[in-house]
Amino acid sequence: MTRSASTRSASARSTGADPLVVDDVHVALGGREVVRGVSLAVHPSEFVVLLGSNGSGKTTLMRAAMGVIPIAAGQVRLFGTPLRRFRDRQRIGYVPQRSTAAAGVPSTVREVVMSGRLSRRPHAGRSSRDDRSAVAEAIALVDLEDYATQPAAELSGGQQQRVMLARGLASRPDLLVLDEPTAGVDARSQVALAELFGRLLGEGRAIFMVAHELGPFEPMIDRAVVLRSGKVSYDGPCTGGDLAAASEPHNQHHPHLVEPGPHVGIDGTGAWGA
Ligand SMILES: Nc1ncnc2c1ncn2[C@@H]1O[C@H](COP(=O)(O)OP(=O)(O)OP(=O)(O)O)[C@@H](O)[C@H]1O
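Residues numbered from 1 in each chain as written. Predicted model: local features only at pLDDT ≥ 70, side-chain atom pairs only at ≥ 80, totals over all residues. Heavy atoms only, no water.

Between the first and last C-alpha of helix 6 (residues 187-202) there are 23 Å, a value that for 16 residues agrees with the 22 Å anticipated at 1.5 Å per step. Looking only at helix 6, the buried set comprises Ser189, Gln190, Val191, Ala192, Leu193, Ala194, Leu196, Phe197, Gly198, Leu200 and Leu201. Put simply, Asp186 is the residue that caps the front of helix 6, since its side-chain oxygen is 3.1 Å from the backbone nitrogen of Arg188. Backbone geometry just after helix 6 places Gly204 at a positive phi near 95 degrees. (Helix = DSSP H or I, 4+ residues; strand = E, 2+ residues; numbered from the N terminus. Expected span 1.5 Å × (residues − 1). Buried < 20%, exposed > 50% of the residue type's maximum accessible area, 1.4 Å probe, protein only. Polar contact = N/O pair within 3.5 Å; in protein donor to acceptor, adjacent residues only side chain to side chain.)

Taken as a whole and assessed by the stated rule, the structure comprises eight salt bridges. Among the ionic pairs, Asp174 bridges to Arg91, the shortest N-O distance being 2.7 Å. Of this pair, Asp174 sits in the loop between helix 5 (157-169) and strand 7 (175-179) while Arg91 sits in the loop between strand 5 (81-82) and strand 6 (92-95), placing them 83 residues apart in sequence. Given the relative accessible area of 28%, Arg91 is considered partly exposed. For Asp130, the salt bridge is made with Arg117, and the minimal N-O distance between the two is 3.4 Å. Here Arg117 lies in the loop between helix 3 (109-114) and helix 4 (129-141) and Asp130 lies in helix 4, a separation of 13 residues in the sequence. For Asp130, a relative accessible area of 40% gives the class partly exposed. A residue is classified by how much of its surface remains accessible, and Arg117, at 2% relative accessible area, is buried. Residues joined in a network through salt bridges with shared partners are Arg117, Asp130, Asp131, Glu137 and Arg172. (Salt bridge = Lys/Arg side-chain N within 4 Å of Asp/Glu carboxyl O.)

What follows is about the packing of aromatic side chains. Within this structure, the stated rule accounts for four aromatic pairs. Relative to Phe197, the ring of Phe47 has its centre 5.7 Å away and its plane inclined at 80 degrees; by these criteria the two rings are edge-to-face. Of this pair, Phe47 sits in strand 3 (residues 47-51) while Phe197 sits in helix 6; the two residues are 150 residues apart in sequence, bridging distant segments of the chain. The class for Phe47 is buried, based on a relative accessible area of 0%. Since its relative accessible area comes to 0%, Phe197 is described here as buried. Each ring, one from Phe47 and one from Phe217, has its centre 6.3 Å from the other, and the planes form 90 degrees; the classification is edge-to-face. (Phe/Tyr/Trp six-rings, centres within 6.5 Å; stacked < 30°, edge-to-face > 60°.)

Dropping the structure here:
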């Protein structure tokens, strides 16, 4: 069992700058402002989830915070450095929404995961021993050792998502940024993912994740931030009625907040599904 979220944060927060600070950020897409003055922070070793109904701006905010799309106003700081000056990309493992390992290129699982080391090797070239051991470690973390030399495109959808997660972990990031990593992932794999997150958080890494359901992650989450029409409608603990109230009436994606289902503990089977 992992330490409680609050204990983890209290001990880790004393060291280093916050992995992510979003300060009054506005983002426009197609001439429409879809993120409207959002502020939030992810502290060291914290697990923060971003919730909200479809179209509330979660992916847009995450992409803007990662520098993928421009910010119209406001500021993002990564590990204390303004986004435009941030160069330590290896400190962040970003796994975008619906990312699959099948990009039409016949790369093996190991090659896809190795591409996650590029931020540590700006001049490319041959991989180092450290690169290779980090890649092996990341593949082991998602339990895909048996598939390392197989073409990634031949794996199931769930396995490909794990390949992309391993790619995000390959640089041994201090902040993991994940856009719906559990979409379409079966309950057993979610439990395994929660166990993996518990280990990463225990090592002092922070996680910022877009989710539609909290499932087995709930006990380890420090804070939930809810977006509604591009604005923060809630920022606080992910238990209790306040979160459910903030999500109303757009809580169709958070059925557990309305009607708790059977609880899946993080000490479950720990095995990944297919
Ligand atoms: N390229 C684009 N051009 C114009 N509008 C866009 C574009 N991409 C997204 N939008 C709009 O921006 C709004 C926010 O979309 P976004 O994908 O950030 O929401 P979301 O909360 O992540 O939704 P979901 O839960 O469905 O992933 C939506 O109204 C969407 O239609």
